[in-house]
Amino acid sequence: MADIDLLPEAPRVIGISGKIGAGKSEVAGTLSAWGFARLEFAGPFKAALMAILLADGHPRGAAHDLVYGARKNEPCDTFCGQTMRHARQSLGTGWGRDQIGADCWAGIVERRIARELAAGRRVVVEDVRYPNEAAVIRGAHPSAEIWQITGRASAAGVAAAHCSEAFDLPDPDLILHNSGTLDALEAQVLEYILG
């Protein structure tokens, strides 16, 4: 059975917006468990950073922890002692958006969304941070929605000052309040998608 049959009323495409530490990955993980293909606008440049770390001799597991896991706020010798979060923001914004074009990453993800939809899958994109990314989500399918997560303060300090954290989503389709437990956040998601 295709996932579109499992959740007939759920949006085909969901974008998630929120500050650092809001719970975007947790919501995306819940939706992924229900068959949504999980994408990130940051996915292409995270893959590029992973390749650089592997080329520099980092073991795959350690490289994965630096790019995707708990070590993203640690200094990294490959990037001259900068944190992986800084490397991600620099590559994503300073190089991709500013030097190549504002739609550098958004265009890649837009095409991925189209392929997932054509294959009969629903899609969640867990990091809507710019107006052009919101436009990609809204234009992907007539049922597309953008959800905003509020209620949990960022513990990331200086990283929160990056321009990617400044976008305030106008008119979200759903606001999820994450001021309690992760189970409570998951319950909000399931209540919405299951009706």
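Owing to the predicted nature of the structure, the values given are computational and were not obtained by experimental measurement.

Cut-offs used in this document
- Residues numbered from 1 in each chain as written.
- Predicted model: local features only at pLDDT ≥ 70, side-chain atom pairs only at ≥ 80, totals over all residues.
- Heavy atoms only, no water.
- Phe/Tyr/Trp six-rings, centres within 6.5 Å; stacked < 30°, edge-to-face > 60°.
- Helix = DSSP H or I, 4+ residues; strand = E, 2+ residues; numbered from the N terminus.
- Buried < 20%, exposed > 50% of the residue type's maximum accessible area, 1.4 Å probe, protein only.
- Lys NZ or Arg CZ within 6 Å of the ring centre and 35° of its normal.
- Pairing = 2+ DSSP bridges.
- Axes fitted to C-alpha atoms, helices over the stretch in contact; angles between N-to-C directions.
- Contact = heavy atoms within 4.5 Å.

(A) Seen up close, the packing of aromatic side chains. Summed over all chains, the structure comprises 3 aromatic pairs. Considering the side-chain rings of W95 and W105, the 5.9 Å spacing of their centres and the 45° angle between planes classify their relative orientation as tilted. One end of the pair, W95, is in helix α5 (residues 84-100); the other, W105, is in helix α6 (residues 104-118), and 10 residues separate them in sequence. Judged by relative accessible area, which is 41%, W95 ranks as partly exposed. For W105, a relative accessible area of 8% gives the class buried. Ring centres 5.3 Å apart and planes at 85° place the aromatic pair W147 and Y192 in the edge-to-face group. Of this pair, W147 sits in strand β4 (residues 145-150) while Y192 sits in helix α8 (residues 182-194), placing them 45 residues apart in sequence. An aromatic cluster of three or more residues is present, and its members are F45, W95 and W105. Lying across the ring of Y130, R97 places its NZ or CZ 3.6 Å from the centre.

(B) Structural detail: the sheet that holds strand β1 (residues 13-17). Taking strand neighbours across the sheet as the criterion, the 5 strands line up as β2-β3-β1-β4-β5 in an open arrangement whose pairing is parallel. The open sheet has two edge strands, β2 (37-39) and β5 (174-177), and neither has a second partner. Looking at each pair of strands side by side, their axes are set apart by 25° on average, direction ignored. Bridge count for β2 against strand β3 (residues 123-125) is 3 bridges, and the pairing is parallel. Across the sheet, residue A37 finds its bridge partner in β3, namely V123. Along the sheet face, α6 touches β1, β2 and β3 and points at about 160° away from the line of β3.

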